[in-house]
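Residues per chain, in single letters:
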Amino acid sequence: MSVSTAALDPSVCAPLPVLGQDVTVPLVTGGEVTYAALDYAASAPALQRVWDDVAAYAPYYGSVHRGAGYLSQLSTDLFENSRRTVAEFLGCRPEDQVVFTRSTTDSLNLLAAAIPANCQVFVYETEHHASLLPWRDAQVTYLNAPRTPGQAVETLERALADRDPYGPALVCVTGASNVTGELWPVRELAAAAHAHGARIVLDAAQLAPHHPVDIAELDVDWVAFSGHKLYAPFGSGVLAGRADWLQAAEPYLAGGGASRKVARRADGGVDVDWHTTAARHEAGSPNVIGVYSIASACKALTEAGFDSLVAREQELVSRVREGLAEVPEVQVLSLFGDDAPRVGVISFVVRGWNSSHFAAALSAEYGIGVRDGLFCAHPLVRTLLGSDPQDPGECGAPEAEPGERSLNAIRVSFGAGTPDEHIDRFLRAVTELVREGAQWKYRTEDGRCVPDRGEVPQV
């Protein structure tokens with residue numbers, strides 16, 4: 001992955017202000033503590049800048065594209081200017097389209113609905129389910145998990161060269177793993193795809209919040225990402241890239257906004273002239289606030305200096321990895337090895353602990369929010385854990401009781417808004433839990449490990 005990691009002094013970049021940074025939560029052992037949000041890979045807290053921008057716009061909220069009133073015209077300008085901001089943030093080519101969706105999952109399902117007939121899709125088993133599952137109407141080749149970036153490229157080249165018949169093809173790959181945080185060789189994979197007449201879509205859900213993403217530089221055909229991982233509120237996403245397949249496909253949703261002209265026929269039917277712009281796949285009243293929040297986040301990250309944000313995050317990554325390495329019972333999960341470049345996403349298991357029990361203790365006794373489970377990447381996590389593909393276990397629903405071996409993992413993730421204290425508290429908590437055990441008893445309730453409120457603390 002050819003992304004700038006300029007060696008800057010991390011001290012020049014303070015954490016960006018985010019919502020919830022002063023929220024306190026109760027501890028099961030008594031008292032309260034400031035909440036340490038270390039689940040950025042699932043949903044990053046919204047930037048304060050984004051929230052302020054949205055609040056300033058809210059009184060001027062209006063319908064878009066077809067309203068004659070002042071607020072409608074203002075909202076339309078805001079919406080379309082946001083499209084241009086996102087295009088600039090992604091380094092889009094002049095002919096590229098930016099389509100607003102609900103999420104990365106929605107973006108990739110939109111693209112799946114737009115691929116031409118008889119298109120063959122190639123996707124690694126290491127992908128998040130948003131990338132792994134949308135291709136239900138295509139001929140899909142699932143590629144085995146590579147163990148080096150070079151092996152990833154070689155595996156793809158062989159699969160593309162062997163495809164039969166030789167027709168339209170699409171490669172779907174992540175930019176940064178939502179399980180290990182490791183960066184994938186996107187530019188090299190794009191070159192391999194294009195050399196064999198295929199196109200490539202980049203799942204940038206975990207990459208865009210942590211590194212600059214330039215469509216033209218990476219030479220990918222499409223990029224998909226979600227607002228709620230890019231420090232914006234829920235419910236908005238982006239699919240950006242080549243327009244031809246999108247223009248040739250039936251609208252993702254049929255309705256107002258996607259159509260330019262609708263007329264009744266003499267036989268009682270309806271003729272529809274669909275838009276060829278991004279509006280073709282944006283039927284219905286759009287999420288203007290969600291779109292504006294993405295554009296605001298793009299501006300905030302750019303103005304803060306992405307290289308400085310990257311440098312500070314890399315310092316946090318090193319601290320977490322070094323801290324976990326000092327606890328022998330902790331096994332950090334990795335596909336490409338310890339030296340692989342990665343973003344602030346780290347998954348691990350603790351010998352002798354059920355992962356859900358450990359995550360529950362981090363929350364209840366230390367006020368630290370992490371995630372446990374298979375992270376909607378079941379094949380990858382099972383491969384990394386060395387478990388059988390048929391073993392039980394699913395996202396957020398542990399099968400084992402507290403203290404038993406877990407078939408799931410724990411994920412800690414952080415980013416531009418993470419204070420140093422949250423990292424320090426997390427590392428201290430891991431060490432104390434492993435060496436001293438939990439202070440409270442826990443039980444499984446509705447598929448989650450929770451503190452047993454009817455039990456006295458362990459002594």
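The sections below set out a description of the structure shown in this document.

Criteria and cut-off values
- The numbering scheme is per chain: residues are counted from 1 as the chain's sequence reads.
- With pLDDT at 70 or above as the cut-off, local features in this predicted model cover only qualifying residues; side-chain atom pairs require 80 or more to be listed or tallied, and sums for whole chains, interfaces and linings still use all residues.
- Neither water nor hydrogens contribute to the side-chain values; these are computed over all heavy atoms in the structure.
- Secondary structure elements follow DSSP: runs of H or I of four or more residues count as helices, runs of E of two or more count as strands, with numbering from the N terminus.
- We take the radius of gyration over the C-alpha atoms and set the globule estimate at 2.2 Å times the residue count to the 0.38 power.
- Exposure is judged per residue with a 1.4 Å probe applied to protein chains only, and the accessible area is read against the type maximum: over 50% gives exposed, under 20% gives buried, and values in between give partly exposed.
- Contact definition: two residues touch when any of their heavy atoms are within 4.5 Å.
- Reported accessibility uses the Shrake-Rupley method at a 1.4 Å probe radius. Residues are deemed covered only where the shown protein chains occlude them.
- Lys and Arg are tallied as positive, Asp and Glu as negative. Neither His nor the chain termini are counted.
- For this purpose, a charge sits on NZ of Lys, CZ of Arg, CG of Asp or CD of Glu.
- Only protein atoms enter the calculation, which uses a 1 Å grid: trapped sets of points that fit a 1.4 Å probe without letting it out are cavities, open sets showing protein on both sides within 12 Å along at least five of seven lines are pockets, and any residue with an atom within 4 Å of a point is a lining residue.
- Grid points are joined across faces, edges and corners, and a volume is the space filled by probe spheres set on the points.
- Nonpolar residues are Ala, Val, Leu, Ile, Met, Phe, Trp, Tyr, Cys and Pro. Charged residues are Asp, Glu, Lys and Arg, and all others, Gly as well, are polar.
- Here a strand pair is declared whenever DSSP counts at least two bridges between the two strands.
- Angles shown run from 0 to 180 degrees and are taken between the N-to-C directions of axes, each axis being a line fitted to C-alpha atoms and, for helices, limited to the stretch in contact.
- Here a polar contact is recorded for every N or O atom pair within 3.5 Å, except that within protein the pair must consist of a potential hydrogen donor and a potential acceptor, and residues adjacent in sequence are included only if both atoms are side-chain atoms.
- Oblique is the label for any angle not covered by the other classes, which are roughly parallel (under 35 degrees), roughly antiparallel (over 145) and roughly perpendicular (65 to 115).
- Handedness of each helix crossing follows the sense of rotation of the near helix against the far helix: counterclockwise by less than a right angle gives left-handed, clockwise gives right-handed.
- Exposure above 30% relative accessible area and no salt bridge define the residues that can form patches, which grow by joining like charges within 9 Å and nonpolar side chains of Val, Leu, Ile, Met, Phe, Trp and Tyr within 5 Å.
- Take a side-chain nitrogen of Lys or Arg and a carboxyl oxygen of Asp or Glu: if they are within 4 Å of each other, that pair is a salt bridge.
- For the purposes of this analysis, a disulfide is any pair of cysteine sulfur atoms at a distance within 2.5 Å.

**Focus on the overall build of the chain**
Scanning the chain from terminus to terminus reveals 13 helices and 19 strands. By the compact-globule yardstick of 23 Å for 459 residues, the chain fits well, its C-alpha radius of gyration being 23 Å. Going through the 459 residues of the chain one by one, you find that 56% of them count as buried. The long-range share in the chain, meaning contacts at least 24 apart out of those at least 6 apart in sequence, stands at 71%. Carbon and sulfur atoms form 50% of the exposed surface of the chain, whose accessible area is close to 19,300 Å². Taking the average place of the 36 positive charges on the side chains of the chain and the average place of its 58 negative ones, the gap between the two points comes to 4 Å.

**Concerning the layout of surface pockets**
Approximately 380 Å³ is the volume found for the largest pocket. Here the residues of the lining of the largest pocket sort into 9 nonpolar, 12 polar and 7 charged. When its volume is computed, the second largest pocket comes out at roughly 290 Å³. Phe100, Thr101, Arg102, Asp106 and Ala283 are, among the 19 residues lining the second largest pocket, the residues nearest its centre. Counting residues per element, the ones that place at least two in the lining of the second largest pocket are strand E4 (97–101) and helix H9 (288–304). Residue composition of the lining of the second largest pocket, by class: 8 nonpolar, 8 polar and 3 charged.

**Considering the sheet that holds strand E16 (residues 371–373)**
If you trace the 4 strands from one edge of the open sheet to the other, you get E13-E14-E17-E16, paired in antiparallel fashion. Pairing within the sheet leaves two strands with one partner each, and these edge strands are strand E13 (330–332) and E16. Neighbour to neighbour, the strand axes of the sheet diverge by 30° on average, direction disregarded. Here strand E14 (residues 345–350) pairs with strand E17 (residues 409–413) via 4 bridges, running antiparallel. Bridge pairing in E17 links Val345 to Ser413.

**Remarks on unusual backbone geometry**
The linkage connecting Asp164 with the following residue, Pro165, adopts the cis geometry, with an omega of 5°. Among the structural elements, Pro165 can be located in the loop between helix H5 (149–161) and strand E7 (169–174). Positive phi, close to 60°, is recorded for Asp219, a residue that is not glycine. Looking at the secondary structure, you find Asp219 in the loop between helix H7 (215–218) and strand E9 (222–226). Given a relative accessible area of 36%, Asp219 falls into the partly exposed group. Of note in the backbone geometry, Asp446 takes a positive phi value of approximately 55° without being a glycine. Overall, Asp446 belongs to the exposed group, its relative accessible area being 76%.

**Considerations on the side chain of Ser72**
Along the chain, the position of Ser72 falls in helix H2 (residues 70–89). Look at Ser72 and you get buried, because its relative accessible area is 11%. There is a polar contact of 2.9 Å between the side chain of Ser72 and the side chain of Ser63.

**A word on the packing of H5 against helix H6 (residues 186–195)**
Their axes nearest at 9 Å, the elements H5 and H6 cross at an angle of 15°. If you check the angle between H5 and H6, you find them roughly parallel. In the crossing of H5 with H6, the sense of the turn from one axis to the other is right-handed. Where H5 approaches H6, its residues Ala152, Val153, Leu156, Glu157 and Leu160 are matched on the opposing element by Glu188, Leu189, Ala192 and Ala193. For the contact of H5 with H6, the class distribution of residues is 7 nonpolar, no polar and 2 charged.

**Some remarks on a nonpolar patch on the surface**
A contiguous nonpolar patch, built from Tyr60, Tyr70 and Leu71 and spanning about 340 Å² of accessible area, is present on the exposed surface. Inspection of the secondary structure puts Tyr70 in helix H2. Tyr70 sits in the exposed class, given a relative accessible area of 62%.

**Observations regarding the state of the cysteines**
Counted by the stated rule, this structure contains 0 disulfides. Left unpaired, Cys172 is separated from the closest cysteine sulfur, that of Cys119, by 11 Å. The exposure class assigned to Cys172 is buried, which follows from its relative accessible area of 0%.

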